[in-house]
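Okay, here's what each chain looks like letter by letter:
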Amino acid sequence: MSSTLNTAFLSSSGEYTFFKFRDRVITFLTGKRLEKYTKILEWDNGYLVVLCKNKNEEVLEEDYIDLLPILDNLLIEANEFLKPIKEVEISYDFPK
């Protein structure tokens, strides 16, 4: 079990996804169909496999998020930012 110090949090609102780690929130555009993330299936140093609920669909869908190009576009050193993250949880409780 990781402490919250080593846990990142994933959520969404409208067309945006939020990836929060410690005091940083990375915001990026996602598809218009996304309703919410429901489960993290895999975390692999910047690569996420998630289950999500899409609008007007009953079945949960597997989706993939690659944070490396996003961090690169934001001029964030990916290795330094990602190294301390041991797990990712879904949380819609933190402020956007």
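Our subject is the structure that appears above.
Residues numbered from 1 in each chain as written. Predicted model: local features only at pLDDT ≥ 70, side-chain atom pairs only at ≥ 80, totals over all residues. Heavy atoms only, no water.

Engineer: Explanation requested: the side chain of asparagine 6 in the structure shown.
Structural biologist: Note that asparagine 6 resides in the segment before strand E1 (7–13). Within the structure, the side chain of asparagine 6 is placed 2.8 Å from the backbone oxygen of proline 84, a separation counted as a polar contact. Once residues within four sequence positions are removed from consideration, asparagine 6 is found in contact with Phe21, Arg22, Pro84, Ile85, Lys86 and Glu87. (Helix = DSSP H or I, 4+ residues; strand = E, 2+ residues; numbered from the N terminus. Polar contact = N/O pair within 3.5 Å; in protein donor to acceptor, adjacent residues only side chain to side chain. Contact = heavy atoms within 4.5 Å.)

Engineer: Even after reading the chapter, I still don't get the sheet that holds strand E2 (residues 16–21), so can you show me in this structure?
Structural biologist: Consider a sheet: its strands pair through backbone hydrogen bonds, and that pairing is either parallel or antiparallel. Judged by pairing direction, the sheet is mixed, and its 4 strands sit side by side in the order E3-E2-E1-E7 without closing on themselves. Two strands lie at the open edges of the sheet, namely strand E3 (24–29) and strand E7 (87–90), each paired on one side alone. Going from strand to strand, the sheet's axes swing by 25 degrees on average, the running direction of each strand aside. Bridging between E1 and E2 involves 6 bridges; their strand directions are antiparallel. Within E2, the residue paired with serine 12 across the bridge is threonine 17. (Pairing = 2+ DSSP bridges. Axes fitted to C-alpha atoms, helices over the stretch in contact; angles between N-to-C directions.)

Engineer: Would you mind going over the pairing of strand E6 (residues 61–66) with me for this structure?
Structural biologist: Each regular strand carries side chains that alternate between the two faces of the sheet. One ladder, built from 6 bridges, connects strand E5 (residues 47–54) with E6; its direction is antiparallel. Bridge assignment links leucine 48 to a residue of E6, and that residue is isoleucine 65. Between E5 and E6, which pair antiparallel and follow one another directly, the connecting turn spans 6 residues, one of which, asparagine 56, has a positive phi of 60 degrees.

Engineer: Sorry, what's going on with the pattern of salt bridges here?
Structural biologist: Pairing between side chains becomes possible if they bear opposite charge and their charged atoms approach one another. Tallying each qualifying case throughout the model produces 3 salt bridges. The salt bridge partner of arginine 33 is glutamate 57, with a shortest N-O separation of 2.7 Å. Of the two residues, arginine 33 sits in the loop between E3 and strand E4 (34–44) while glutamate 57 sits in the loop between E5 and E6, which places them 24 residues apart along the sequence. Glutamate 57 gets classed as partly exposed once you look at its relative accessible area, which sits at 27%. (Salt bridge = Lys/Arg side-chain N within 4 Å of Asp/Glu carboxyl O. Buried < 20%, exposed > 50% of the residue type's maximum accessible area, 1.4 Å probe, protein only.)

Engineer: Explain the side chain of threonine 7 to me, please; I cannot follow it from the model alone.
Structural biologist: Assignment of secondary structure puts threonine 7 in strand E1. Residue class for threonine 7 comes out buried when judged on its relative accessible area of 3%. In terms of polar contacts, threonine 7 uses its side chain to reach the side chain of glutamate 87, at 3.5 Å.

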